[in-house]
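If you want the building blocks of each chain, they are given just below.
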Amino acid sequence: MSIVSYSESGWDTQEERWDDWEDDEMNAEMKCLFCVHTAQNPSVLFEHVKQTHGFDFVKTRRQFQLDFYQSMRVVNYIRTMGLNEPGFGTAAAFKIDGTEAFLNDDQYLKPAMEDDALLYALDELDLDDDDDDDDESGHAEEPVTAAASTSESELAARVRALEQQLVQQTRETQAVVEQFGEYRQMVRRQFYEGLDDVAATTADAGKAEVCSSDYYFNSYAGNDIHMQMLQDRVRTEGYRDFMYNSAEVFRGKVVLDVGCGTGILSMFAARAGAVRVIAVDNSDIIEKARANVAENGLDGVITLVRGRIEDLELPVDRVDVIVSEWMGYFLLFEAMLDSVLVARDRFLAPGGLLAPSASYVYLTAISDAVYMRERVNYWDDVYGFRMSAMKPPVSDSVREADVDVVPPETVAATRALLTAIDHGTATAASLDFASDFVIEATRDAQLHALLGYFDVAFSRKQDAPGPGDAQLAAPVYGGSGDSTNAVPEPASLWRHPESPMAGFTTGPHGEATHWKQTIFVLDEPVDARCGDVIRGRFVCHKSSTNPRELDLEISYCHVAAADKDAVLAGNAPLPAMKRQKYQLQ
């Protein structure tokens with residue numbers, strides 16, 4: 001996979017990007033072709049390559065008279081093979097005989113490694129080579145030593161010869177500069193052509209999208225976020241248990257891990273019997289994943305590839321299983337499912353499986369005076385003083401949806417299924433949804449907020465991706481517990497090891513996860529009695545300013561228990577609907 005960063009912080013002008021790169025070139029670290037060793041001088045680096053890995057780049061270049069472009073292709077070819085086949089060139093010394101097809105294949109003019117300083121130091125290596133030739137032939141020293149013992153005419157002849165050598169070296173240097181300029185223009189045409197027009201017409205949107213994309217991938221580069229996810233037992237053990245308990249699904253199969261992070265799911269798949277695992281991530285974390293895989297002796301099974309799944313080509317045509325932990329807050333925040341669907345359409349073999357295979361978004365209601373006092377209304381009374389300026393801004397009546405762990409005893413209503421997503425058939429467009437809902441108060445309570453959460457299912461067959469409708473619509477609590485007593489035991493939809501179906505919930509009735517729940521505070525609490533219903537419509541779609549964020553709208557009304565049958569049957573008018581907008585960002 002080739003990575004080219006179009007911009008560090010938006011749609012910079014092309015000249016600024018190239019100039020910045022050239023300014024930094026003198027101090028740039030150049031990475032070895034075969035290992036992590038770096039150097040600031042190309043001659044020093046290639047001497048390391050020769051001594052450590054047995055490939056004499058300088059000698060090869062001279063022997064086969066490789067021009068500037070062919071030298072570029074050699075570097076990019078080796079780097080590409082190293083990305084796709086870890087250990088490439090290390091088991092046996094890499095050699096070429098001058099007849100290789102890649103030497104004339106223009107795909108290897110495309111940089112294989114982002115900001116590869118070595119490519120732009122090859123012109124410096126050309127000058128070093130010429131200097132070396134002078135030293136080896138003794139031409140530079142010969143006129144000086146000969147001057148004392150030769151006649152004036154002989155000395156003049158030698159001066160003319162030196163002048164001719166200088167002219168020739170000047171021409172060769174100019175040729176190298178021109179080659180570099182041509183290469184720079186080629187890259188510019190190939191990778192930036194058309195982007196200027198897009199930038200001119202959609203500059204603001206372009207900047208926002210590029211910056212948000214960079215921020216998204218960079219946010220997964222550090223250790224802390226991965227530790228948080230790995231320590232989420234519900235999440236990590238949910239994937240592990242499904243793969244280990246479904247060995248027949250993974251044994252002998254080729255698996256693709258989209259957004260591999262530390263590589264944990266890839267290693268689960270390998271241990272479950274996968275014959276090959278392709279692990280993809282576009283964050284710096286993939287370098288640590290590569291080390292993790294090697295440390296656990298799985299580098300013979302797992303191949304790690306850096307890049308966006310939308311752009312790269314895999315070392316295989318088809319995979320049998322796609323695993324990915326793509327879920328965000330309220331399931332769809334971060335929009336990573338879109339990338340999984342792209343991977344499915346590009347690489348999943350017919351009859352293949354996605355893990356998880358389906359997902360479900362639910363809505364209920366909570367009564368939580370403590371949350372309202374400590375999180376929503378705190379600034380109304382701070383030791384007897386009002387501090388309204390400290391409240392989060394609310395523009396155009398749009399509230400920020402909150403993400404927090406909700407105590408199960410605050411849940412005061414049944415749940416409604418807002419959307420069910422079959423990962424085998426869903427499209428990116430279908431992930432924006434609108435759903436009517438009805439939830440019923442399970443006790444007398446002042447309802448302060450609506451609450452969203454999600455479940456995911458792991459099936460062994462994609463044509464049966466999740467539980468049946470009856471199971472999905474069942475109450476989350478088992479038995480007929482008295483609402484005045486302790487909360488009843490949660491129902492065990494996802495607790496049947498002997499079943500071909502597995503999964504987990506992020507709801508308040510389950511063990512807390514790092515996804516928590518999503519809270520939609522109501523502008524005015526609803527005073528509900530047991531049996532009353534909240535009827536409404538829930539709309540969710542990607543934000544127009546940042547597609548990884550969500551814009552949500554909830555319209556709802558309160559229907560008394562005595563009127564609900566007539567109202568829900570359409571035999572009585574609905575009360576006036578209230579509408580609230582939220583953002584999840």
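Structural data are supplied above this passage.
The structure contained in this document is the topic of the report that follows. (Residues numbered from 1 in each chain as written. Predicted model: local features only at pLDDT ≥ 70, side-chain atom pairs only at ≥ 80, totals over all residues. Heavy atoms only, no water.)

Overview of the packing of helix α11 (residues 233-245) against helix α13 (residues 264-271)
Move 1: At a closest axis distance of 9 Å, the pairing of α11 and α13 adopts a crossing angle of 20°. Comparing their axes, α13 and α11 come out roughly parallel. Relative to α13, the crossing made by α11 is right-handed. Along the contact surface, α11 presents T236, Y239, R240, M243 and Y244, while α13 presents L265, F268, A269 and R271.
Move 2: Tallied by class, the residues present in the contact of α11 with α13 amount to 6 nonpolar, 1 polar and 2 charged. (Axes fitted to C-alpha atoms, helices over the stretch in contact; angles between N-to-C directions. Helix = DSSP H or I, 4+ residues; strand = E, 2+ residues; numbered from the N terminus. Parallel < 35°, antiparallel > 145°, perpendicular 65-115°, else oblique. Left-handed = near helix turned anticlockwise from the far one by under 90°. Contact = heavy atoms within 4.5 Å. Nonpolar A, V, L, I, M, F, W, Y, C, P; charged D, E, K, R; others polar.)

Looking at the sheet that holds strand β6 (residues 319-323)
Move 1: On the basis of which strands lie adjacent, the open sheet formed by 5 strands has the order β5-β4-β3-β6-β7 and parallel pairing. Edge strands, defined here as strands with exactly one partner in the open sheet, are β5 (302-306) and β7 (348-355). For this sheet, the mean angle separating the axes of adjacent strands, direction not counted, is 20°.
Move 2: Here strand β3 (residues 254-258) pairs with strand β4 (residues 276-281) via 5 bridges, running parallel. What sits directly across from D257, in β4, is A279.
Move 3: Lying on the sheet, helix α14 (residues 285-295) is in contact with β4 and β5; it crosses β5 at an angle near 170°.
Move 4: Along the sheet face, helix α15 (residues 337-347) touches β3, β6 and β7 and points at about 155° away from the line of β7. (Pairing = 2+ DSSP bridges.)

What to know about unusual backbone geometry
Move 1: In this structure, the amide linkage connecting A355 to the following residue, P356, adopts the cis form with an omega of 5°.
Move 2: The phi dihedral of L331 is positive, around 70°, even though this residue is not glycine.
Move 3: Position of L331 relative to the elements: it lies in the loop between β6 and α15.
Move 4: Judged by relative accessible area, which is 0%, L331 ranks as buried.
Move 5: The residue A335 is not glycine, and still its phi comes out positive at about 55°.
Move 6: Classification of A335 by relative accessible area gives buried; the value is 12%. (Buried < 20%, exposed > 50% of the residue type's maximum accessible area, 1.4 Å probe, protein only.)

Observations concerning the pattern of salt bridges
Move 1: Counted according to the given criterion, the structure contains 27 salt bridges.
Move 2: Two residues, D345 and R344, come together in a salt bridge whose shortest N-O distance is 2.9 Å.
Move 3: For D345, a relative accessible area of 55% puts it in the exposed group.
Move 4: Judged by relative accessible area, which is 10%, R344 ranks as buried.
Move 5: In this structure, D380 and R386 form a salt bridge, with 3.8 Å as the shortest nitrogen-oxygen distance. (Salt bridge = Lys/Arg side-chain N within 4 Å of Asp/Glu carboxyl O.)

Observations regarding helix α16 (residues 369-376)
Move 1: Residues of α16 that are buried: Y371, M372 and V376. Across the axial projection of α16, the buried residues extend over an arc of 100°, all falling on one side. (Arc of directions from axis to C-beta.)

Structural notes on the sheet that holds strand β12 (residues 433-440)
Move 1: Sheet architecture is open: 5 strands sit in the order β9-β18-β17-β16-β12, paired in mixed fashion. The two strands at the open ends of the sheet, each matched to only one other strand, are β9 (398-400) and β12. Strand-to-strand twist of the sheet, defined as the mean angle between neighbouring strand axes without regard to direction, takes the value 25°.
Move 2: The pairing of β12 with strand β16 (residues 533-542) spans 8 bridges and is classified as antiparallel. Its bridge partner lying in β16, F433 is registered against C540.

Description of the nonpolar core
Move 1: Of all hydrophobic cores here, the largest spans 91 residues; its most connected members are M243, F250, L256, F330, F437, F520 and F538.
Move 2: Core analysis: the next-biggest nonpolar cluster, separate from the first, contains 33 residues, F55, F57, Y77 and F102 among them. (Core = buried A, V, L, I, M, F, W, Y, C linked by side-chain atoms within 4.5 Å.)

Focus on the packing of aromatic side chains
Move 1: Inspection of every chain in the model, using the stated rule, returns 25 aromatic pairs.
Move 2: The ring centre of Y362 lies 3.9 Å from the NZ or CZ of R415, which sits over that ring. (Phe/Tyr/Trp six-rings, centres within 6.5 Å; stacked < 30°, edge-to-face > 60°. Lys NZ or Arg CZ within 6 Å of the ring centre and 35° of its normal.)

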